[in-house]
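Results of the structural survey
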Amino acid sequence: MHFSLRLLMTLLGLAVMGWMAYVTWYRQEQDRRTTFFVLAVLVVPMGFLEYRAQANERELGHAASLVAKRDVGVRCQGLLGNLVDIGSELGTVQFDAEGEPANVTHIKRDACKWARDYASGNHRVTLNHAVGVHVIAHEAIHLRGWTNEALTECYGMQHDAVVARALGASQTQAQRLADFYWRMVYPDMPDEYRMSEADCSNGGKYDLHKNSDIWP
Ligand SMILES: [Zn+2]
């Protein structure tokens, strides 16, 4: 569990409700029943949303950890962050002055939504699913310590199926999604994210499984 504004609001709401219950039913000083129930109607759904959001992040974090080969976390952008957001990248990993990656990646609201939808059991091959799953894989390679975008993209792509599997897809479904990214999304990525065919392709320089026909 990690800190968030909504978590703070939930805890604060629960504390105020506790105090109201105490003065109303235990001390019988002031009748705060109405306010108590109005507050409950706000706090209970908020707590549920927060619980669900953190459970989702844990699932995505588990998938990212398999790729990063260490314990890392995924933080999904909240509604407020989304409203003030002007960046175009779907995910980020901070590196410190020594070049060490952080332990969490921050994923944009949309990308999280797409990955979450895939994780919810909808394993259809769609553009949104392919991008959502791939963003997790790509950022997880950054979390492993790689900073070069083209290399990260090439390695990330080869882990799309790992992430898809971790999110509940079968081996066939996972490979189909990775294949879709390779054929439909990768060719249109900006130059900074791409390598020559000789480098990033089946049997190419950065093929992680050179003696297998599976690609990516
Ligand atoms: Zn990147």
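Heads up: the structure comes first, above all this text.
Now for a description of the structure that goes with this document. Not measured: the values here are computed from a predicted model. (Residues numbered from 1 in each chain as written. Predicted model: local features only at pLDDT ≥ 70, side-chain atom pairs only at ≥ 80, totals over all residues.)

1. Some remarks on the overall build of the protein
Along the backbone of the protein there are 8 helices and 3 strands. Secondary structure elements in the protein, listed N-terminal to C-terminal, are α-α-β-α-β-β-α-α-α-α-α. A compact globule built from 216 residues would reach a C-alpha radius of gyration of about 17 Å, whereas the protein, at 22 Å, exceeds it by more than 25%. Looking at the protein residue by residue over its 216 residues, the buried ones come to 29%. Across the protein, the fraction of contacts at a sequence separation of at least 24, relative to all contacts at a separation of at least 6, is 57%. (Helix = DSSP H or I, 4+ residues; strand = E, 2+ residues; numbered from the N terminus. Rg over C-alpha atoms; globule rule 2.2 N^0.38 Å. Buried ≥ 20, exposed ≤ 12 C-beta atoms within 10 Å, placed from the backbone. Contact = placed C-beta atoms within 7 Å.)

2. Topic: the pairing of strand E1 (residues 73–76)
Side-chain alternation along E1 places Val74 and Cys76 on a buried face and Gly73 and Arg75 on a face that remains uncovered. Looking at chain direction, E1 and strand E3 (residues 104–107) are connected through 4 bridges and run parallel. Bridge pairing in E3 links valine 74 to threonine 105. (Pairing = 2+ DSSP bridges.)

3. As for helix H5 (residues 127–144)
End to end, H5 covers 26 Å across 18 residues, agreeing with the expected 26 Å (1.5 Å per residue, within 8%). Among the 18 residues in H5, 14 count as buried, and that is most of the element. Following H5 by one or two positions, glycine 145 adopts a phi angle in the positive range, close to 125 degrees. (Expected span 1.5 Å × (residues − 1).)

4. Some details on the sheet that holds strand E2 (residues 91–92)
On the basis of which strands lie adjacent, the open sheet formed by 3 strands has the order E1-E3-E2 and mixed pairing. Here the strands that pair on one side only, and so sit at the sheet edges, are E1 and E2. The strands touched by helix H2 (residues 33–68) are E1 and E3; relative to E1, the strand with the most contacts, the crossing angle is about 135 degrees. (Axes fitted to C-alpha atoms, helices over the stretch in contact; angles between N-to-C directions.)

5. Considerations on the nonpolar core
Counting residues in each nonpolar core, the largest one holds 41 residues, and the members touching the most others are Ala64, Ala115, Val133, Ile136 and Leu167. For this core, the elements supplying multiple residues, two or more each, are H2, E1, helix H4 (109–119), H5, helix H6 (149–157), helix H7 (160–166) and helix H8 (171–185). A per-element tally of this core places H5 first, with 8 residues. (Core = buried A, V, L, I, M, F, W, Y, C linked by C-beta atoms within 7 Å.)

6. Details of H4
Looking only at H4, the buried set comprises Ala111, Cys112, Trp114, Ala115, Tyr118 and Ala119. Down the axis of H4, the buried side of the element spans an arc of 160 degrees, and every buried residue falls inside it. Close packing links the buried residues of H4 with H2, E1, E2, E3 and H5. Backbone geometry just downstream of H4 places glycine 121 in the positive-phi region, at approximately 115 degrees. (Arc of directions from axis to C-beta.)

7. Considerations on unusual backbone geometry
Across the junction of tryptophan 215 and proline 216, the peptide omega takes the value -5 degrees, indicating a cis bond. Among the secondary structure elements, proline 216 is positioned in the segment after H8. Of note in this structure, lysine 69 is not a glycine but carries a positive phi near 60 degrees. With respect to the helices, strands and loops of the structure, lysine 69 is situated in the loop between H2 and E1. By the C-beta count within 10 Å, which is 11 here, lysine 69 ends up exposed.

8. Observations concerning the packing of H4 against H5
Axis separation between H4 and H5 bottoms out at 8 Å; the angle between their running directions is 105 degrees. If you check the angle between H4 and H5, you find them roughly perpendicular. Contact residues: Ala111, Trp114, Ala115, Asp117 and Tyr118 in H4; Asn128, His129, Val131, Gly132, Val133, Val135 and Ile136 in H5. Broken down by class, the residue content of the contact of H4 with H5 amounts to 8 nonpolar, 3 polar and 1 charged. (Parallel < 35°, antiparallel > 145°, perpendicular 65-115°, else oblique. Nonpolar A, V, L, I, M, F, W, Y, C, P; charged D, E, K, R; others polar.)

9. What about the pairing of E3?
Residues Thr105 and Ile107 point to one face of E3 and are all buried, whereas Val104 and His106, pointing to the other face, are not buried. Bridge count for E2 against E3 is 2 bridges, and the pairing is antiparallel. Note on E3: the bridge partner recorded for threonine 92 is histidine 106.

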